[in-house]
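What follows is the residue order along each chain.
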Amino acid sequence: MEICTLKKRKDFIRAAEKGQKVCTHSVLVQAAPNKSAEDLSTYTGFTTTKKLGKANVRNRARRRLRAIVRDVFPQFALEGYTYVLIGRFITAECPYAMLRKDTIYALKKLHKLLNAPDKGSENEVAVPPADCQH
RNA sequence: ACAGGCAGCCGGAUAGCUGCGCCUAGGAAAGUAAGAUCCAUAGGUGAGGAAAGUCCGGGCUUCAAGGGAACAAGGCACCAGAUAACGUCUGGCUGGAGCAAUCCAAGUGACAGUGCCACAGAAAACAUACCGCCUGAUAACAUCUGUCAUCAGGUAAGGUUGAAAAGGCGGGGUAAGAGCCCACCGCGGAUGGAGCAAUUCGUUCGGCAAGGUAAACCAUGCCCGAAGCAAGACCAAGUUAGGAGAGCUUUGCAAAAAGUUAUACGGAGGGUUCCCACUCUACUCCAGAGGUAGGUCGCGCCGAGCUGUUUAGCGAUAAACAGCCAAGAUGAAUAGCUAUCGCCUGCUUUUGGCAGGUACAAAACCCGGCUUAUAGGCUGCCUGAUUUU
RNA sequence: GGAUGAGUGGCAGAGAGGCUGAAUGCGCGCGACUCGAAAUCGUGUAUACGGGGAGACCCGUAUCGGGGGUUCAAAUCCCUCCUCAUCCG
């Protein structure tokens with residue numbers, strides 16, 4: 001499987017608008033199908049905003065995300081999809097095992113949502129009542 | 001020992017596995033608009049003292065290129081030196097802080113001119129007379145060294161206000177007072193010695209000259225063209241509509257029309273203005289179209305370069321010699337895991353063990369500074385009042 | 001990466017050395033009008049520390065993004081740091 005990195009702003013926006021997202025404590029993952037169905041390679045992008053900290057903190061967060069992708073994606077990611085990983089406040093400092101676990105969880109959940117787009121919307125509506133306890 | 005001051009340095013170390021950027025060499029395939037690209041290949045190399053803030057000064061690039069001058073705006077400001085340059089650095093002077101080592105200072109000019117100094121206070125810049133003090137006159141009371149009121153004058157000692165009130169202190173002097181006079185200190189002029197100079201040490205004269213503010217305008221001296229690597233150069237693909245002005249050619253008596261930007265007398269344009277000399281462009285201005293998902297260079301093997309030694313100098317620094325070539329990305333390379341050791345804190349306990357921590361922060365064209373952030377540690381020199389042994 | 005501009009009560013926004021703790025508007029609190037509300041009118045409204053008072057409240061000091069300087073005196077002038085916003089081929 002080939003893993004390429006996103007380099008254009010347009011691609012990042014497309015993944016955010018057309019895809020699904022899952023948020024964990026250590027990382028936020030967005031995913032969307034590729035533009036053309038024939039394109040079977042996997043694209044990944046990394047975003048670390050100024051909110052995270054100064055330049056060296058952002059760099060470390062991005063490098064850890066890149067390491068996670070090398071470690072996890074060959075096993076868990078699907079072909080023909082675009083993923084965007086966004087760093088959160090603890091990304092640069094949390095234990096590696098936690099970051100790995102969160103990413104795998106996020107990927108699995110995303111694939112559920114993407115494979116059943118019609119049902120996915122129903123699930124989102126169905127979830128809130130579980131939180132409300134009378 | 002303790003406390004303090006100054007100068008300089010370090011910014012965790014080692015090993016293993018997986019993985020990344022760039023360079024060189026080698027190999028492979030494909031021919032692209034231009035540029036490319038790929039590899040279980042090999043070797044090399046890969047973030048700081050502040051890489052930061054962008055506060056100064058340069059290199060470099062564009063404005064066609066070069067020289068000179070001026071206005072405006074801005075900057076700097078004790079003296080001498082260092083430097084490519086600086087608002088930086090070094091040495092000194094003056095003033096201030098400290099027992100001292102040492103540290104701090106935008107440190108020119110307020111007799112060129114203008115402005116401002118609220119409130120309070122009698123008076124705030126041509127000083128002034130509110131209270132007070134003193135003298136005289138008049139009236140009253142008292143009764144003879146008086147008291148009080150009013151008027152006229154003298155006064156800058158004392159009081160009040162304020163950030164600031166016209167040299168300070170002591171003595172003489174006087175009706176009361178006053179640099180009115182004298183000594184010392186301060187201040188100003190002249191002059192001699194030391195020093196490149198800022199300045200300093202004397203000598204002598206003057207009775208004293210009239211506040212503060214220039215980080216208010218300003219004056220004096222010196223500096224300064226503007227914009228910035230998203231500067232800019234080249235390559236590739238694609239799109240578009242003209243109008244006004246200027247020059248030239250042709251037709252025409254002229255008005256005007258058509259064509260054109262080859263030649264260049266004049267004219268125009270090429271950095272705010274002006275001048276000089278030389279030169280360039282055919283166009284200049286307005287409007288319109290496309291594009292802002294292209295590529296290469298600029299961009300780091302040669303520099304105000306780095307390291308070391310010697311010499312000159314108090315020093316900043318300079319010169320000579322020897323050695324070295326050390327990131328170059330562009331949604332942007334250093335990460336993940338493991339082991340051992342170092343340092344710090346806490347607990348338990350004294351062979352040690354356990355837990356946690358190990359700063360500030362990462363190149364983006366490149367240098368010289370300044371400023372700000374910074375765990376912990378090392379080295380050298382110096383000082384100590386009434387610290388301790 | 002580079003270049004500009006701004007920061008003042010809860011919000012917007014004047015003030016550009018002294019009478020400004022701070023104009024003006026919005027908001028908020030209290031009161032009046034009303035049966036009640038709106039509108040209108042009146043009045044008040046920043047924070048911290050210290051002191052006084054039985055209490056309502058009063059007095060003093062400091063604060064105009066933070067720190068330092070010039071000045072008798074700074075929101076205002078100068079230096080420096082922080083934060084926010086805008087622009088670039």
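Structure first, text after, so check above.
Cut-off values and rules
Once a new chain begins, its residue numbering starts again from 1 and follows that chain's sequence as written. The naming scheme follows written order: chains are lettered A onward, ligands numbered 1 onward. Predicted model: local features are reported for residues with pLDDT of at least 70 only, side-chain atom pairs are reported and counted for 80 or more only, and whole-chain, interface and lining totals are derived from all residues. Note that the side-chain values use all heavy atoms of the structure and ignore hydrogens as well as water. A helix here means a DSSP run of H or I that spans at least four residues, while a strand means a run of E at least two residues long, and both kinds are numbered starting from the N terminus. Only protein chains enter the accessibility calculation, which uses a 1.4 Å probe; a residue whose area is less than 20% of its type maximum is buried, one above 50% is exposed, and one in between is partly exposed. Should any heavy atoms of two residues lie within 4.5 Å, those residues are considered in contact. Each accessible area value is a Shrake-Rupley result obtained with a 1.4 Å probe; residue values ignore everything except the protein chains displayed when judging cover. Angles run from 0 to 180 degrees between N-to-C directions of axes, and those axes are lines fitted to C-alpha atoms, restricted for helices to the stretch in contact. Throughout this description, any angle smaller than 35 degrees is read as roughly parallel, any larger than 145 degrees as roughly antiparallel, any in the 65 to 115 degree range as roughly perpendicular, and the remainder as oblique. Throughout, a crossing is termed right-handed when the near helix is turned clockwise from the far one, and left-handed when it is turned anticlockwise from it by less than a right angle. Each residue gets one of three labels, nonpolar for Ala, Val, Leu, Ile, Met, Phe, Trp, Tyr, Cys and Pro, charged for Asp, Glu, Lys and Arg, and polar for the others, Gly among them. Near residues are defined by distance, with any heavy atom within 4 Å of the molecule or strand qualifying the residue. In protein, a polar contact requires one atom able to donate a hydrogen and another able to accept it; more generally it is a pair of N or O atoms within 3.5 Å, and residues adjacent in sequence count only if both atoms are side-chain atoms. Expected span of a helix, by definition, is 1.5 Å for each gap between consecutive residues, and there is one gap fewer than residues. Patch construction takes residues with relative accessible area above 30% that form no salt bridge. Like charges are linked within 9 Å, and nonpolar side chains (Val, Leu, Ile, Met, Phe, Trp, Tyr) are linked within 5 Å. A side-chain nitrogen of Lys or Arg and a carboxyl oxygen of Asp or Glu constitute a salt bridge if their distance falls within 4 Å.

**Q** Would you mind showing me how to read the overall build of chain A here?
**A** Each helix and strand in chain A was counted, giving four helices and five strands. N-terminal to C-terminal, the α/β element order of chain A is β-α-β-β-β-α-β-α-α. Going through the 134 residues of chain A one by one, you find that 38% of them count as buried. The contacts of chain A with a sequence gap of at least 6 include a subset with a gap of at least 24, amounting to 78%. Summing over all exposed atoms, chain A offers an accessible surface of approximately 8,800 Å²; the carbon and sulfur share of this is 52%.

**Q** Where do I start with the packing of helix H2 (residues 55-76) against helix H3 (residues 96-115) in this structure?
**A** The packing of two helices is summarised by the inter-axis angle and the distance between the axes. H3 packs onto H2 with a crossing angle of 50° between their chain directions and a minimal axis gap of 10 Å. One finds that H2 runs oblique with respect to H3. Our pair here, H2 against H3, has a crossing hand that is right-handed. For the pair formed by H2 and H3, the contact residues are Arg64, Ala67, Ile68, Asp71, Val72, Phe73 and Phe76 on the first element and Tyr96, Leu99, Arg100, Thr103, Ile104, Leu107, Lys108 and His111 on the second. Across the contact of H2 with H3, the residue classes tally to nine nonpolar, two polar and four charged.

**Q** Just to check I follow, could you spell out the protein's contact with RNA strand B for this structure?
**A** Contacts to RNA strand B come from 20 residues, most closely from Leu6, Arg9, Asn56, Arg63 and Arg66. When atoms of RNA strand B within 4 Å of the protein are sorted by moiety, sugar and phosphate together comprise 53%. The side chain of Arg66 places a nitrogen or oxygen atom 2.7 Å from a phosphate oxygen of RNA strand B. Within the side chain of Arg70, one N or O atom sits 3.1 Å away from a sugar or linking oxygen of RNA strand B.

**Q** Sorry if this is basic, but what is going on with H3 here?
**A** At 3.6 residues per turn, the α-helix brings residues three or four places apart onto the same side. The first and last C-alpha atoms of H3 sit 29 Å apart over 20 residues, in line with the 28 Å expected at 1.5 Å per residue. Taken together, the buried positions of H3 are Leu99, Asp102, Thr103, Ile104, Ala106, Leu107, Leu110, His111, Leu113 and Leu114.

**Q** Please clarify how the environment of Arg88 should be interpreted in this entry.
**A** Note on placement: Arg88 falls in the loop between strand E5 (81-87) and H3. Put simply, Arg88 and Lys51 are 37 residues apart on the chain and 8.6 Å apart in space, counted from C-alpha to C-alpha. Leave out the neighbours within four places in its chain, and Arg88 touches Cys23, Thr24, His25, Ser26, Val27, Leu28 and Leu52.

**Q** Explanation requested: a nonpolar patch on the surface in the structure shown.
**A** A surface patch of nonpolar side chains, about 280 Å² in accessible area, is lined by Phe89, Ile90 and Met98. With respect to the helices, strands and loops of the structure, Ile90 is situated in the loop between E5 and H3. Among the residues examined, Ile90 registers a relative accessible area of 34% and is labelled partly exposed.

**Q** Is there a simple way to think about the environment of Thr103 in this case?
**A** With respect to the helices and strands, the residue Thr103 is situated in helix H3. Thr103 gets classed as buried once you look at its relative accessible area, which sits at 2%. For the pair Thr103 and Gly45, spaced 58 residues apart in the sequence, the C-alpha separation amounts to 14 Å.

**Q** Just checking my understanding: could you explain the environment of Gln30 for this structure?
**A** Within the secondary structure, Gln30 sits in strand E3 (residues 27-33). Residue Gln30 is classed as buried on the basis of its relative accessible area, which comes to 11%. Distance in space between the C-alpha atoms of Gln30 and Gln20 is 5.7 Å, their sequence separation being 10 residues. When sequence neighbours within four positions are dropped, the list of residues in contact with Gln30 reads Ala15, Ala16, Gln20, Lys21, Thr82, Tyr83, Val84 and Ile86.

Interpretation note: all reported values are geometric properties and have no functional meaning in isolation.
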